[in-house]
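Fold and contact review
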Amino acid sequence: MVQSAELDVAVVGAGFSGLYLLHRLRGMGLVAHAFEAGSDVGGTWYWNRYPGARVDIESQEYSYSFDEGLQDDWRWSERYAAQPELLRYLGHVADRFDLRRDITFDTRVASAVFDEAAARWTLTTDRGDTVSARFCVMATGCLSVPNAPDFPGQADFAGPAYHTGRWPHEGVDFTGQRVAVIGTGSSAIQSIPQIAKQAEQVTIFQRTPNFSVPAHNGPIDPGVVEAWNANRAENRQKQRLSAGGFISSDPTELLSVEVSDEVRRDTYEQRWARGGFAILGAFADQMVDPAANAHAAEFTAAKIRERVKDPAVADKLVPRDYPWGTKRLCVDIDYYETYNRPNVTLVDLRETPLDRITGTGVRTTAADYPVDAIVFAIGFDAMTGALARIDIRGRGGVALKDEWAAGPRTYLGLMVAGFPNLFTVTGPGSPSVLSNMVVSIEQHVEWICDCIGWLGDRQLGLIEASRAAQDAWVEHVNEVADMTLYKQANSWYLGANVPGKPRVFMPYAGGVGVYRELCDGIAAKGYEGFVLEPAAG
Ligand code: FAD
Ligand code: NAP
């Protein structure tokens, strides 16, 4: 339970972001408390327990860097850690730094209202708690609100239905069952091979195929761990200054359009053999030059055709209508090979759209598919979803959801004009989901905490993004996105997966390192672009 109703900082969420915030704020001698809708810490890795869930960045890179002892003591077992291990890691962090005593679980923050006279935020929860805090940090996650399935007839379905983002804690046994999986994003691509190993029959309903690369997962190579630890400080610094927040992609300056066909093929083959996001570092022009991007797409398509035996099925699995990498690349274990199994069927919803869910299964315009269970792997209301579900009111009682009616507008993805002392972690306008998120989270947490400390040292009570700085930042985020191919995909980066959501490219595509330097420069100039006011009284 919250010990004090008068906090220095209220934190919403207890995933990677909320846990580090609590630890850091406590270390500054501040009174901080977190509220978490789940029953324990972990965030993404608490909720997403579907079979096959695992990280897409190498384990040692997708971990906190802030504590040497933590890094010395923790050992990952696999190259790409699976969800149970990631959850154990976050539980270990909570234990190690004794964080749970400052977290109220099973409690959802319903509203956060700024009281201008008192210069404080008042938070209310769905359990009736009210707390007041000088600062409020929304560590609510970019992918924490699953899209609710909304298919005609779904209430008629007699069997169980699951969303990958809200998987039952006790697990699901599909033995002997016929299972429908709707969706073919990362969650589906990870879970389908596992479900197919257990179920009698799996039918996959695909609207848009994704580009996926093999993880080549396995027990973590002791040599990799040794090399990582031998240069850990340097590796961590390289991550922080890199484009994507990870270094295993080993990016080159080579341009795909300038090398010979042979060099290009060899480069891609070598990176394919390394697995995972190594391919992202192959050429510097693949995300900005359509011709270079087409090379990556052609190479990946050829691999899909190699991996899938039936050419007609392979053909359906090849993405055609958006550039390679403009939706987060999926990292799979035997995804395409799973279509070679006799118990797996692919239904292309572009050819035969989903008509309705019936009492006994899924009906397309062409056929009925009787199933015992349905898995909805249909994604999230990303980046703004969790914030939109809290009634956040800033100056003059203005609601954040009204302020963002035409799409999110922030300064640096950290603050919003009109909402003083309210911070967002990995909010829209920051690199966020385009990166190794742990690196982006650490940078935000440190920037926010340093800012709060800096204000305290100067007897300043309020910080707020100026509208001019916010407008300029939004323009910059758009300009940078326009230099890339990202906007050519109907992705959740643009809000395209949620009917009625404004189409705005939300993350900052300028890179983690560039962004960090911008944020640090702004802080060094006395928080340029922010309006500062003395503490009340
Ligand atoms: P979260 O982990 O989402 O935690 C936010 C918490 O806030 C949640 O527990 C939620 O319950 C809580 N919350 C939200 N609203 C409220 C409220 N109103 N009141 C109380 N509590 C609230 N990123 C990568 O970089 N690499 C990966 O491989 C990767 N894999 C992923 C796999 C899946 C299946 C998903 C969904 C995301 C993945 N991500 C990955 C992104 C992942 O979300 C981040 O890496 C990271 O875990 C986010 O941490 P967070 O603390 O910011 O948010
Ligand atoms: P997603 O990428 O948004 O995929 C959702 C899938 O459901 C898409 O194939 C989508 O098709 C389909 N879909 C949605 N609504 C549908 C409908 N009404 N009818 C038919 N199909 C529908 O969601 P996700 O797979 O959960 O992944 C989200 C993000 O989480 C990822 O991009 C990644 O950042 C993160 N993640 C990472 C990992 C990892 O590897 N570590 C694993 C899971 C998730 P359309 O494309 O046609 O809309």
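Residues numbered from 1 in each chain as written. Chains lettered and ligands numbered in written order. Predicted model: local features only at pLDDT ≥ 70, side-chain atom pairs only at ≥ 80, totals over all residues. Heavy atoms only, no water.

Describing the overall build of the protein chain
The secondary structure content of the protein chain amounts to 16 helices and 20 strands. A globule of 537 residues ought to have a C-alpha radius of gyration of about 24 Å, and the protein chain, at 23 Å, matches this closely. When each of the 537 residues of the protein chain is scored for burial, the buried share is 59%. Residue pairs at least 24 apart in sequence account for 73% of intrachain contacts in the protein chain once pairs closer than 6 positions are excluded. Split by element, the accessible area of the protein chain, about 21100 Å² in all, is 50% carbon and sulfur. (Helix = DSSP H or I, 4+ residues; strand = E, 2+ residues; numbered from the N terminus. Rg over C-alpha atoms; globule rule 2.2 N^0.38 Å. Buried < 20%, exposed > 50% of the residue type's maximum accessible area, 1.4 Å probe, protein only. Contact = heavy atoms within 4.5 Å. Areas by Shrake-Rupley, 256 points an atom, 1.4 Å probe, with all protein chains shown as cover.)

Observations regarding unusual backbone geometry
Its identity as a non-glycine residue notwithstanding, Leu412 has a phi of 65°, on the positive side. Relative to the assigned elements, Leu412 resides in the loop between helix H13 (400–403) and strand E18 (422–424). Among the residues examined, Leu412 registers a relative accessible area of 0% and is labelled buried.

Some remarks on the site of ligand 1
Around ligand 1, 33 residues are found, and the nearest of them are Ser17, Glu36, Thr44, Asp56 and Tyr62. A distance of 2.8 Å separates an oxygen atom of ligand 1 from a polar atom in the backbone of Met437. Protein contacts shield 95% of the accessible area of ligand 1, which totals 980 Å² for the unbound molecule. Contributing elements (two or more residues each) for the shell around ligand 1: helix H1 (16–27), helix H2 (44–47) and helix H14 (437–457). With three residues, the top contributor of residues to the shell around ligand 1 is H2. When grouped by side-chain class, the residues that make up the shell around ligand 1 number 17 nonpolar, 12 polar and four charged. (Near = heavy atom within 4 Å. Polar contact = N/O pair within 3.5 Å; in protein donor to acceptor, adjacent residues only side chain to side chain. Nonpolar A, V, L, I, M, F, W, Y, C, P; charged D, E, K, R; others polar.)

A short note on the state of the cysteines
The tally for this structure, following the rule as stated, stands at zero disulfides. No disulfide involves Cys136; its sulfur sits 13 Å from the nearest other cysteine sulfur, which is in Cys449. Among the cysteines around Cys142, which has no disulfide bond, Cys519 carries the closest sulfur, lying 15 Å off. (Disulfide = S-S within 2.5 Å.)

Side note on the site of ligand 2
Every one of the 23 residues lining ligand 2 counts as a neighbour, but Arg54, Thr184, Ser187, Arg207 and Thr208 are closest to it. One of the side-chain nitrogen or oxygen atoms of Ser187 is found 2.6 Å away from an oxygen atom of ligand 2. Between an oxygen atom of ligand 2 and a side-chain N or O atom of Trp492, the distance comes to 3.1 Å. Top contributing element to the shell around ligand 2 by residue count: helix H5 (residues 186–198), with three residues.

Observations regarding the sheet that holds strand E15 (residues 368–370)
Strand order in the open sheet formed by three strands is E13-E14-E15, and the pairing between neighbours is antiparallel. The two strands at the open ends of the sheet, each matched to only one other strand, are strand E13 (354–357) and E15. Across this sheet, the average inter-strand angle for adjacent strands is 20°, counted without regard to direction. Note: strand E14 (residues 361–364) against E15, three bridges, orientation antiparallel. Bridge pairing in E15 links Val362 to Tyr369. (Pairing = 2+ DSSP bridges. Axes fitted to C-alpha atoms, helices over the stretch in contact; angles between N-to-C directions.)

Section: the packing of helix H8 (residues 261–274) against helix H9 (residues 290–307)
The angle between the axes and the distance between the axes are what describe a pair of packed helices. Viewed as axis vectors pointing N to C, H8 and H9 meet at an angle of 55°, and their least axial separation amounts to 11 Å. As judged from the angle between their axes, H8 and H9 are oblique. You can see that H8 and H9 cross each other, and the crossing is right-handed. Across from Arg264, Arg265, Tyr268, Glu269 and Trp272 in H8, the residues of H9 making contact are Ala292, His295, Ala296, Phe299, Thr300, Lys303 and Arg307. Residue composition of the contact of H8 with H9, by class: five nonpolar, two polar and five charged. (Parallel < 35°, antiparallel > 145°, perpendicular 65-115°, else oblique. Left-handed = near helix turned anticlockwise from the far one by under 90°.)

Quick word on the nonpolar core
Formed by 98 residues in total, the largest nonpolar core has its most connected members in Tyr64, Leu412, Phe423, Trp447 and Phe530. Among the elements that line this core, the one with the most residues is H14, at 11 residues. Once residues within four sequence positions are removed from consideration, Tyr64 is found in contact with Gly15, Phe16, Leu19, Tyr20, Leu70, Gln71, Tyr89, Leu90, Val93, Arg236, Val438 and Glu442. (Core = buried A, V, L, I, M, F, W, Y, C linked by side-chain atoms within 4.5 Å.)

Notes on the sheet that holds strand E12 (residues 344–348)
Taken in spatial order, the five strands of this open sheet run E7-E16-E8-E9-E12, and their pairing is parallel. In the strand order of this sheet, the two ends are held by strand E7 (161–163) and E12, each with one partner. The sheet shows a mean angle of 20° between the axes of neighbouring strands, direction not considered. Two strands pair when backbone bridges link them, and E7 and strand E16 (residues 373–376) are joined in this way by three bridges, in the parallel orientation. Within E16, the residue paired with Ala161 across the bridge is Ile374. Packing of H5 onto the sheet brings it into contact with strand E8 (178–182), strand E9 (201–206), E12 and E16, and relative to E8 it is tilted by some 170°.

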